[in-house]
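Residues per chain are reported as follows:
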Amino acid sequence: MAFLDAFDVATSTTTVYLFVTAILLFFAYDFWCHTYFWRMGIPGPTPLPIFGNILAIGNNFHESIKSMSDKHGPVTGIYLWREPIIMVSDVKLLRKILIKDFGKFYNRREIPVSSGDFDTALFNLRDAQWKKVRDILTPTFTGRKMKMMSGIVNSCADTMMDNVQKACAKDGTVQCKDLFGGFVMDTVASCAFGLQVKSQTQADEPFVNHAKKFFQVSFTTPVFALVSFLPFLAPVVKFLGFTLFPKDTIKFFTEVIDKTIAMRKGGHGTHNVDFLQLLIDAQDGKNIHTIENDDDDQHNQLFVGSDEGKNSITPTTRGRLSRREVVGQAMIFLSAGYETTTTALTLGSYLLAQNPHVQDKLIAEIDKLAPNRNDVDYTKVSTMPYLDQVMCEILRYYPPATTLDRECGETCTYKGVTIERGVDVWVNPYTMHHSSSYWPEPSKFDPDRFSKENREKRDPFTWMPFGAGPRICVGMRFALMEAKMALVRVLQKARFETSPLTEIPPKLGTSGLLSPPNGVTLKLVAR
């Protein structure tokens, strides 16, 4: 008995020693991980054990990362749990990362939680698969295709204008997020897939409800946090069926897209020259596309930016898309196209209401160049200089997406800053757009920043609401056309004013997207 008692004591003591040793080793490893930037000579905020800096950026993402960059400089190191992230806001370094050395920063960070067919969306693709799909999609968004789609956009704006007139006939009160959200969803569904979803007349339109769900996802959910902290658990989480996006939303879009494709292939649908038809042709291996020259595009520098960037992406392609790739691209067009453009129009209308002198000048240009409904098309809105200035300043002030990322694929050093393979680089448009180093009085809404003279004096990489380089947002031209046409149509008949119900300033989203959770309530006054 005495022997057994001694054995139990020894076993218990050994267990305690092993437990304490494990804890000490864990925190020693954690400490080592959180001294990575100290060893690399990159400044940044002090991380907490285990959490890193994730708690500091969780409540107000865009303002938190801006504050960190303002304090620690244009190259700042932070930690998401133990993962090191380098935030860059130096335009010369960004030009190298996004353009010159694009081959070393080809991919985005891989999302560790699966989301079914949405995993094949262009945003999530990597390496050769990304390149194949990108080359196939690019011809959908050239200036020539925008001209073909602008009539559909204008038709969707007719329903929006009915709602504008109804609001003016009452007390003028309008929830801009609802007004523009319905218009954008109708436009995306029509131009992309030839679908009439009637988002503007049916309050509970499923397309809108499910598109909104895509952007109600939190990257601080227990499952995502667990996989981020313990990456080796990703296969287990995937096996158990956990997804980042709601399963019912993924299922909804998958079924709608599959049915539409089946109708077209069966000859029961229209053979439109639209996004979905391009995807169907690519699935069948019928496409041979050549990227067009868009001389009317003022933002071409951001698409390529230099001769070196042109060598990073093949100008022609022949490829096939799998069924999953087709569905993935369709879903990203619906979801991303809805949220970002709706946010730009919603917050843009607020800025116009708060700056009536800007609104007056824009209305004067509209009355001169596009006074009537039939004057509004892609060519017209692309050649209205003050309209472009206003839209660019809206996107500077409120870039819908505040962060884009690139994963380093090959260790490189720039002016003493070493970025090691596997480290994620964050580009924060909101931080850059509100930096006094690039923009005098950044909190002032001033479209004259984008006059021809001022634009020529400034590095184009100080403005990147759509990103830059070969991985720039493929739908940039479509989004700009859509937003400009909507503003012109509304301002032809009414003007925006604040009301006692207007939240000043509007509350902004805190998860990396600026979409205002409470929307923006304004007053529409008939002209």
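All figures in this text were calculated on a predicted structure; none of them were measured in a lab. Along each chain, residues carry numbers from 1 onward, in the same order as the chain's sequence is written. Reporting in this predicted model follows two pLDDT cut-offs: at least 70 for local features of residues, and 80 or more for side-chain atom pairs to be given and counted; totals over whole chains, interfaces and linings ignore these cut-offs and use all residues. Values reported for side chains reflect all heavy atoms of the structure, with hydrogen atoms and water molecules removed beforehand.

## Overview of the overall build of the protein chain
Basically, it comes down to this: Secondary structure elements follow DSSP: runs of H or I of four or more residues count as helices, runs of E of two or more count as strands, with numbering from the N terminus. Throughout this description, buried means an accessible area under 20% of the type-specific maximum (1.4 Å probe, protein chains only), exposed means over 50%, and partly exposed covers the range between. Throughout, a residue-residue contact means that at least one pair of heavy atoms, one from each residue, lies within 4.5 Å. Surface accessibility follows the Shrake-Rupley procedure with a 1.4 Å probe radius. Residue values consider only the protein chains on display as shielding.
The number of helices and strands found in the protein chain is 22 helices and 11 strands. Counting over 527 residues, the protein chain shows a buried share of 54%. Sequence-distant contacts, at least 24 apart, represent 77% of the contacts inside the protein chain between residues at least 6 apart. For the protein chain, the computed accessible surface area is about 23700 Å², with 57% contributed by carbon and sulfur atoms.

## What about the pairing of strand S1 (residues 75–80)?
Selection rule: When DSSP finds at least two bridges between two strands, those strands are taken to pair.
Counting buried residues in S1 gives six out of six residues, a clear majority hidden from the surface. Because side chains alternate across S1, one face comprises the buried residues Val-75, Gly-77 and Tyr-79, and the other comprises Thr-76, Ile-78 and Leu-80, equally buried. Between the end of S1 and the start of strand S2 (residues 83–88), which pair antiparallel, lie two residues, with Trp-81 showing a positive phi angle near 60 degrees.

## Description of the side chain of Thr-341
Basically, it comes down to this: Here a polar contact is recorded for every N or O atom pair within 3.5 Å, except that within protein the pair must consist of a potential hydrogen donor and a potential acceptor, and residues adjacent in sequence are included only if both atoms are side-chain atoms.
Inspection of the secondary structure puts Thr-341 in helix H16 (residues 323–354). Its relative accessible area of 5% is what places Thr-341 among the buried residues. A polar atom in the side chain of Thr-341 sits 3.3 Å from the backbone oxygen of Gly-337. If we ignore the near neighbours within four places in the chain, the residues touching Thr-341 are Val-184, Ala-479, Glu-482 and Ala-483.

## Examining unusual backbone geometry
Excluding glycine, residues mostly carry a negative phi; peptide bonds, for their part, are mostly trans. For the peptide bond that leads from Ile-504 to Pro-505, omega is -15 degrees, which places it in the cis range. Note that Pro-505 resides in the loop between strand S10 (494–497) and strand S11 (521–526). With a phi close to 70 degrees, Ile-50 is a non-glycine residue in the positive phi region. Examined against the element boundaries, Ile-50 turns out to sit in the loop between helix H2 (36–40) and helix H3 (54–57).

## A short note on the nonpolar core
Rules: Nonpolar cores are built from buried Ala, Val, Leu, Ile, Met, Phe, Trp, Tyr and Cys residues. Side-chain atoms within 4.5 Å join them into one set.
With 107 residues, the main nonpolar core has Met-160, Phe-180, Phe-183, Phe-478 and Phe-496 as its most contacted residues. The leading source of residues in this core is H16, at 15 residues. Setting aside anything within four residues of it in sequence, one finds Phe-478 in contact with Phe-141, Met-146, Met-149, Thr-187, Val-188, Cys-191 and Phe-333. Listed in part, the 27 residues of the second largest apolar core include Tyr-36, Leu-93, Phe-105 and Tyr-414.

## What to know about the packing of aromatic side chains
Going by this rule: Geometry of aromatic contacts follows a simple scheme: Phe, Tyr and Trp rings, the Trp one being its six-membered ring, pair when their centres are within 6.5 Å, and the pair is stacked under 30 degrees between planes, edge-to-face over 60, tilted otherwise. Consider the ring centre and the ring normal. A charge sits over the ring if Lys NZ or Arg CZ is within 6 Å of that centre and within 35 degrees of that normal.
Inspection of every chain in the model, using the stated rule, returns 17 aromatic pairs. On the basis of an interplanar angle of 40 degrees and a centroid distance of 5.1 Å, the ring pair of Phe-102 and Tyr-106 is categorised as tilted. The rings of Trp-439, Phe-450, Trp-463 and Phe-466 are connected pair by pair, giving a single aromatic cluster. Its guanidinium or amino end placed over the ring of Trp-32, Arg-39 lies 3.6 Å from that ring's centre, counting from NZ or CZ.

## Concerning the sheet that holds S10
Put simply, the rule reads: Axes here mean lines fitted to C-alpha atoms, for a helix over just the part in contact, with angles spanning 0 to 180 degrees between N-to-C directions.
Sheet architecture is open: three strands sit in the order S3-S11-S10, paired in antiparallel fashion. Every other strand in the sheet has two partners, leaving strand S3 (173–175) and S10 as the edge strands with one partner each. Taken pair by pair, the neighbouring strands of this sheet meet at an average axis angle of 40 degrees, ignoring direction. Running at roughly 85 degrees to S10, H16 makes contact with S10 and S11 of the sheet.

## Focus on the packing of helix H8 (residues 176–193) against H16
Using the following cut-off: Crossing handedness follows the turn of the near helix against the far one: under a right angle anticlockwise gives a left-handed crossing, and clockwise gives a right-handed one. Polarity classes work like this: nonpolar for Ala, Val, Leu, Ile, Met, Phe, Trp, Tyr, Cys and Pro, charged for Asp, Glu, Lys and Arg, and polar for all others, with Gly in that last group.
Running from N to C, H8 and H16 point in directions that differ by 145 degrees, and their axes come no closer than 8 Å. In this structure, the crossing between H8 and H16 has a hand that is right-handed. When H8 is examined against H16, the residues Cys-176, Lys-177, Phe-180, Gly-181, Phe-183, Val-184, Met-185, Val-188, Ala-192 and Phe-193 are found in contact with a partner set consisting of Ala-330, Phe-333, Leu-334, Gly-337, Tyr-338, Thr-341, Thr-342, Leu-345, Thr-346 and Ser-349. For the contact of H8 with H16, the residue count by class is 13 nonpolar, six polar and one charged.

## Quick look at the side chain of His-34
With respect to the helices and strands, the residue His-34 is situated in the loop between helix H1 (2–33) and H2. A distance of 2.7 Å separates the side chain of His-34 from the backbone oxygen of Trp-81, its partner in a polar contact. Not counting chain neighbours up to four residues away, the residues in contact with His-34 comprise Pro-47, Leu-48, Pro-49, Ile-50, Gly-52, Tyr-79, Trp-81 and Arg-82.

## Side note on a nonpolar patch on the surface
How we decide: The residues that make up patches have over 30% relative accessible area and no salt bridge, and they are joined within 9 Å when like-charged or within 5 Å when they are Val, Leu, Ile, Met, Phe, Trp or Tyr. For this analysis, a salt bridge means a side-chain nitrogen from Lys or Arg found within 4 Å of a carboxyl oxygen belonging to Asp or Glu.
On the surface, Val-16, Tyr-17, Phe-19, Val-20, Ile-23, Leu-24, Phe-26 and Phe-27 cluster together into a nonpolar patch covering about 780 Å² of accessible area. Note on placement: Leu-24 falls in helix H1. Given the relative accessible area of 56%, Leu-24 is considered exposed.

## A look at a positive patch on the surface
What counts here: When charges are counted, Lys and Arg are positive and Asp and Glu negative, with His and the chain ends excluded. To locate a charge, take atom NZ for lysine, CZ for arginine, CG for aspartate or CD for glutamate.
Where like charges cluster on the molecular surface, the positive patch consists of Lys-92, Lys-96, Lys-100 and Lys-415. Relative to the elements of secondary structure, Lys-96 occurs in helix H5 (residues 91–100). Given the relative accessible area of 31%, Lys-96 is considered partly exposed.

## Considerations on the packing of H8 against helix H22 (residues 476–493)
Filter applied, for reference: Comment on the angle field: the value is read as roughly parallel under 35 degrees, roughly antiparallel over 145, roughly perpendicular from 65 to 115, and oblique elsewhere.
Running from N to C, H8 and H22 point in directions that differ by 135 degrees, and their axes come no closer than 11 Å. In terms of their interaxial angle, H8 and H22 are classed as oblique. Both H8 and H22 take part in a crossing whose hand is right-handed. Contacts between H8 and H22 involve Phe-180, Phe-183, Val-184, Thr-187, Val-188 and Cys-191 from the first element and Phe-478, Glu-482, Ala-486 and Val-490 from the second. When its residues are assigned to classes, the contact of H8 with H22 shows eight nonpolar, one polar and one charged.

## Looking at H16
Formally: Helices are assigned an expected span. That span is 1.5 Å times one less than the residue count.
Given a rise of 1.5 Å per residue, 32 residues ought to cover 46 Å, and the 47 Å separating the end C-alpha atoms of H16 matches this to within 8%. Burial analysis of H16 places 27 of its 32 residues in the buried class, which makes it a mostly covered element.

Taken by themselves, the reported measurements are silent on function.
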